Each structure stands twice: as C-alpha cells, then as structure tokens.
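Listed below, chain by chain, are the residues.
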Amino acid sequence: MTSDQFQNNASNGRDSGTTLTKGFGNWRAPSHWLAISTLDCHTGGEPLRIVTGGFPLLSGDSILAMRRDCLENYDHLRTALMFEPRGHADMYGALITPAERSDSHFGALFMHNEGYSTMCGHAIIALTKTAIEAGVVTITMPRTAIKIDVPCGQIHAYAELNENGIQHIYFDNVPSFVAALDQQIEVEGLGVVTVSLAYGGAFYAYVDATSIGLSLEADNHRQIIDFGRRIKRAVMASIEVIHPFESDLSFLYGTIFSAPSNTVGVHSRNVCIFADGELDRSPTGSGVSGQAAILHARAQLEIGQSITIESILGSQFQVSVTSTLDYGNYKAIIPRVQGNAHVTGKHTFYIDPEDTLQHGFIFR
C-alpha cells in the first residue's frame, strides 16, 4: 500500500466513523475458547458480577459442598473473573447455583479476591432486584418474596413493587449474634485495641474508629485498609472464632470500623475491610447485621426500631431487629436490611487458552 492509499483509507475511516467503529463488533472468539457471561451491578457502590453463563456446573447437594467443589476444581475461574485484567483487587462476584432447599428459588456462592464468603448482603439486594427484573421469579404485587440459599443458610428477600417497578428491597438475615464484647487485644503498631466480635452471616471484628483516632473519610482509605488488616491478623491470633453449628463458617471474615455520622438522620458510618484487604464501598449487609446484634446487646436498638448506617461513600442501608431467638448458646436477632442496587452492564469474558495471564493477576 502506498502512502497515498494509506492516507486515503484513513480519511475514509474518519468520514465513516460509525461504520468503522461498528466493525470492531464483528470480532468473534474462536470456538474452543471458554466464554463466561455476566451481569454487573453495584449496591451502594460495591460491585457485584453475577455469572449468568459459561461456568461449569458444580457438584454437591448443599451450597457448602458446591463451594468446596468450586474451590478445589474451578478456583482458576474465580481468579479469572475477580482479578485483573477482567476485574480488580476489590471486585466481588456471585455464582448462581441450584437451590439446596425445596422451597428456595436458587442458590448463590460469593467470590472475592481471597476466596469465597459465607454471606453477602449487598449481593442479596442486587440479586433480588435482577431476579425480579429478569423474570427469574414470578412477580406478585405489592410484594415479591424470594428465598435464596447461601453458605450461611436461607435468606428471605423481598421487593415492594407498584406499577412503576421496584420501590424497596430488603432481606431478613440469618440469626446474628455477639460472640465477644469489648475484648482487649494487642495490635501491631496500634497498641491495645477494644474489639467486639459479632456474626451476621460472617464473623467480623468491630472497632470504634474514634477510639484509635482513625478517620473514616474516603481520602483516608489506605490507612483504613492498613488498620483493618492489622486488626484482623491480631484477632485471628488471639480469639477463637467458632460458629455454633458449622465449622465451614468458623473464620474471621473482616474488620468493621464504626463512627458517628455527620449526616442528619444517619446513625453511624461503617467501613468494612474484608478478605485480602478489600474495602467495601457499601455499608456491608452482613456487617450491619452484626452491628445490629451488638447494639441490641447494649440495649441501644430495640425490636422494630430502624436505624440508617452509611458507607465510606455515603451510600445507605437501613437495619432493624425483627425478632430475637436462641441460637446455640447465643442470644441472637433476626436483622432486616434494606438498600438498593443498580445494573452497570452485561459482559462476555473469554478465556484464551494461549494467554499466559488467562487466570488473572492481582496487586495488593
């Protein structure tokens, strides 16, 4: 091709920019590549990548068994979807599974940069919204109820609707309880820190941010992550975490910092550091459940009373205590958590078997 011909083609490309751009959409993946489709959302700023196709069918007659199968045989697909270049260090995902219980609509496994979590409130809210809007469940007016099997148990989720669509989304969590209140632990670089341990589908170490001089503003996110990781390591080394019924749930998932909010009508700000240093952009659904258990144990949150908790972005969840019960040796509550989610895109991700980085990479 001569230089004149090249200039001619370049000029034609500019003149028919729409046609040229659409041309890239004609690309097709080779048939032997694995294609995984997803529906991406966010709840209060926290991402959720819902796998909608292409992932191998997991084996097992329970959600925990399917989680073990995924870990043992398909963990490279978790990293491919969560890590770069398809994701990032703070990506979060949901893998839809068959229901474990006969009265549940479907099951879900939750994925992140470290592995698989036992519960995820922000994911439940997004799954409820998209299941209704995609026709996965039958809509009933004015409220549609969905039962979702997750590793920590069965979650009852609800959407209130009218002729304009979904107005409110909320869920009743599994029994949530305080495992340890106001424990003193030594933390590297921080000294003695007062920590409470609570469960809201996952175990968290709760710390009053003001007690350690920690700002929960967004521009302080690096220090928040650093302190969260330090406290998590210290708690894991000094406090035994035991679920009353299931050993697979007996681990510390993260650290949650709380402080009074400057927003009128908002009770407090929660910032959760979980997995391998992930910072939750939402107020954390399982986290506010454990927080509600702590507040109820301190007689600061009564049955039926609702409070609003905000995230590092200012996004909000409402949490209340619907009832109390005995759960093993613990006095537990059933928390109700309300929030909203938004769809951000649909994607098809390809796994090129010749790509040396096909399973992803991460910097943390």
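Preceding this section is the structure that the text describes.
We now turn to the structure provided with this report. The residue numbering used here restarts from 1 in each chain and proceeds along that chain's sequence as written. A pLDDT threshold of at least 70 governs which residues receive local features in this predicted model, and a stricter bar of 80 or more applies before side-chain atom pairs are shown or counted, although totals over entire chains, interfaces and linings include all residues. Note that water and hydrogens are dropped before the side-chain values are worked out from all heavy atoms of the structure.

## A short note on helix α3 (residues 63-73)
The buried label goes to any residue with under 20% of its type's maximum accessible area, the exposed label to any with over 50%, and the partly exposed label to all in between, with areas taken from a 1.4 Å probe on protein chains only. Going along the chain from the N terminus, every DSSP run of H or I of four or more residues is numbered as a helix, and every run of E of two or more is numbered as a strand. Buried residues of α3: Ile-63, Leu-64, Ala-65, Met-66, Arg-67, Asp-69 and Cys-70, and no others. We call two residues in contact when some of their heavy atoms are within 4.5 Å. Close packing links the buried residues of α3 with α4 (75-82), β3 (93-97), β4 (106-111), β5 (116-117) and β6 (143-150).

## Topic: the nonpolar core
The nonpolar core is taken to be a set of buried Ala, Val, Leu, Ile, Met, Phe, Trp, Tyr and Cys residues, with the residues joined through side-chain atoms within 4.5 Å. Among the nonpolar cores identified, the biggest contains 89 residues, and Phe-110, Ile-124, Val-150, Ile-231 and Phe-257 are the most heavily contacted of them. Per-element accounting of this core gives the leading share, seven residues, to helix α5 (residues 121-133). Of all hydrophobic cores here, the second largest spans 17 residues; its members include Val-51, Ile-63, Leu-109 and Met-111.

## Topic: the pairing of strand β13 (residues 268-274)
Summarising burial for β13: seven of the seven residues are buried, a large majority. Any two strands with at least two DSSP-identified bridges between them are counted as paired. In this sheet, β13 lies alongside strand β12 (residues 252-260) in antiparallel orientation, the contact comprising seven bridges. Across the sheet, residue Gly-254 finds its bridge partner in β13, namely Phe-274. Bridge count for β13 against strand β15 (residues 306-310) is two bridges, and the pairing is parallel. From the neighbouring strand, Ser-268 faces β15, where its bridge partner is Ile-309. Where β13 lies against strand β14 (residues 278-279), two bridges are found, and the strand directions are antiparallel. Pairing of Ile-273 across the sheet is with Leu-279, part of β14. What sits between the antiparallel neighbours β13 and β14 is a turn of three residues, in which Ala-275 has the positive phi angle 50°.

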